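# Tertiary structure, described
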Amino acid sequence: MEITKFMKKLSSHKGVSDVALIRDNVVKLDLGKEDSKDFFISLKEDYGFEHCSLISAIDNQPQFELVYHFSVIEGSIFIKDSPKTVMIEIHIFLERDTPTIESVSDLWFGANWHEREAYDLMGIYFLGHPDLRRVLLPEGFAGHPLRKDYVYEIHEEEW
Amino acid sequence: MSSKRIGGNPSLRRGLGSKTTDSEKIMEDPPAGDWLALRSDQFLKWIDNAVYNAAEATGMREVVDRVTRPIFNYAQRFSPHPLHFGIMCCAIEMGQASAPDHDIDRLGLVYRSSPRQCDVLIVNGPVCEKLRPKLKTLYEQMPEPKWVVAMGECAISGGPYWDSYSVVAGADTFMPVDVYIPGCPVRPEALMHGFLTLQKKIREKEPGLFLRR
């Protein structure tokens, strides 16, 4: 499948908007929070994105932004009639008072610790995650320190 | 030896194992020839006391200490075995210090991988809250006598992370530190100078090791 055709197919999915090509082999798109799980399942099953590179969380006040990077390594997607490694970059925006999203760690097992890290430092709750504990900070730490409104002096006494 | 001697004093036999106060009293002054009736731990304590008291009373302890102190002290000074434990970039400099350019092995530094075999703990990096109990455990596992070297700004005061949410502000907040080596990161020459300072400190302290209480 040529990459332009792949982008057209992606934009026909529910909840997908702003599909763009930001480099030769990097596709960027925005995704709604409610339709994320169906999209991720079809991304893995239909298009063969086997590799979860990165899940990162950004605090652009007031909402949170999750950025997922997945890649397919010389698989079904072609650039100029030859199979190439293609990376997809998915942006999902979350409201500040409900920072929850469905977990993808049952599809990509490597996403397990990425999600734990995002929970630990940014306070994003992944529903359906098998073991959502802190990964970098000690157990019993109060608050999520990479949020912009985190003040250490408030939480210092708590733990 | 006859069975009569092993049987010994009937009051002593009653005292054994019945009450701790009785056994303590007996251990202080066992009747002559009846030490064979003591339990093994009681026997060790009794003979320890006896040898210590005799050495102290005759002045033998001081004499042996004075003779052997420089030898033991020399051995301690020139074989400070540090724990092979690296936290951050100062650990790279620690590795460089034992490379051929700055051959720190000539000061007797041999890195050991088990804290049971070590004398010196080098804290070479920022100690975060998750590491702090583990580092404390490592320190407690080391046998006496032991020394701690705080290497680099992070171990001295927290360094650039002193205000952070998870970095401890200095290793001396939870363990006694003997030598501070400033630098970010510490150069191998500075590490060598720190260990020479530690040698000076050990020489000044000069503990006697014979029958130490």
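Everything below is about the structure printed above this text.
Residues numbered from 1 in each chain as written. Chains lettered and ligands numbered in written order. Predicted model: local features only at pLDDT ≥ 70, side-chain atom pairs only at ≥ 80, totals over all residues. Heavy atoms only, no water.

### Focus: the pattern of salt bridges
Heads up, the rule is: What makes a salt bridge here is a side-chain nitrogen of Lys or Arg within 4 Å of a carboxyl oxygen of Asp or Glu, nothing more. To sort residues, take the accessible area from a 1.4 Å probe on protein chains only and compare it with the maximum for the residue type: under 20% means buried, over 50% means exposed, and anything in between is partly exposed.
For the structure shown, the criterion picks out 14 salt bridges over all chains. Ionic pairing is found between Asp30 of chain A and Lys28 of chain A, a salt bridge with its closest N-O pair at 3.5 Å. Glu189 of chain B is paired through a salt bridge with Arg187 of chain B; the nearest N and O atoms lie 3.3 Å apart. Residue classification places Arg187 of chain B among the exposed residues on the basis of a relative accessible area of 51%. When salt bridges that share partners are traced, they join Asp59, Arg96 and Asp149 of chain A into one network.

### With respect to the packing of aromatic side chains
Put simply, the rule reads: Two rings belonging to Phe, Tyr or Trp (six-membered ring only in the last case) form a pair when the distance between their centres is within 6.5 Å. Interplanar angles under 30 degrees mark stacking, angles over 60 mark edge-to-face geometry, and anything in between is tilted. Lysine NZ or arginine CZ positioned within 6 Å of the ring centre and within 35 degrees of the ring normal marks a charge as sitting over the ring.
Enumeration according to the criterion identifies 13 aromatic pairs over all chains in this entry. Taken together, the aromatic side chains of Phe39, Phe40, Tyr68, Phe70 and Trp108 of chain A make up a single cluster linked through ring pairs. Across from the ring centre of Tyr139 of chain B, 4.4 Å away, lies the NZ or CZ of Lys146 of chain B, which sits over that ring.

### Considering the nonpolar core
Across soluble globular proteins, you tend to see nonpolar side chains buried next to one another. Our working definition: Only buried residues count toward a nonpolar core. Its members are Ala, Val, Leu, Ile, Met, Phe, Trp, Tyr and Cys residues joined through side-chain atoms within 4.5 Å. By the criteria applied, helices consist of DSSP H or I runs no shorter than four residues and strands consist of E runs no shorter than two, each listed in order from the N terminus. The contact criterion used is simple: two residues touch if any of their non-hydrogen atoms lie within 4.5 Å.
If you look at the biggest cluster of nonpolar residues, it comprises 36 residues, and the most contacted ones within it are Phe40, Tyr68, Phe70, Ile88 and Ile90 of chain A. For this core, the elements supplying multiple residues, two or more each, are helix H1 (3-11), strand E2 (26-31), helix H2 (36-45), strand E3 (51-60), strand E4 (63-72), strand E7 (86-94) and helix H3 (111-122) of chain A. Ignoring any residue separated from it by four or fewer positions in sequence, one finds Tyr68 of chain A in contact with Phe40, Leu54, Ile55, Ile88, Glu89, Ile90, Ile92, Ile101, Val104 and Phe126 of chain A. Counting 20 residues, the second largest nonpolar core, distinct from the first, contains Cys90, Ala97, Val149 and Leu198 of chain B.

### Quick word on the environment of Glu93 of chain B
With respect to the secondary-structure elements, Glu93 of chain B resides in helix H6 (residues 90-97). Each residue touching Glu93 of chain B, except ones within four places of it in the same chain, is listed here: Met151, Pro185, Val186, Arg187 and Pro188 of chain B.

### Topic: unusual backbone geometry
Here the amide bond leading from Gln61 of chain A into Pro62 of chain A is cis, since omega sits at 5°, within 30 degrees of zero. Note on placement: Pro62 of chain A falls in the loop between E3 and E4. In this model, Cys184 of chain B is joined to Pro185 of chain B through a cis peptide bond whose omega is -10°. Within the chain, Asp18 of chain A stands out as a residue other than glycine whose phi angle is a positive 55°. For Asp18 of chain A, a relative accessible area of 53% gives the class exposed.

It is worth stressing that arrangement in space is one thing and function is another; only the former is reported here.
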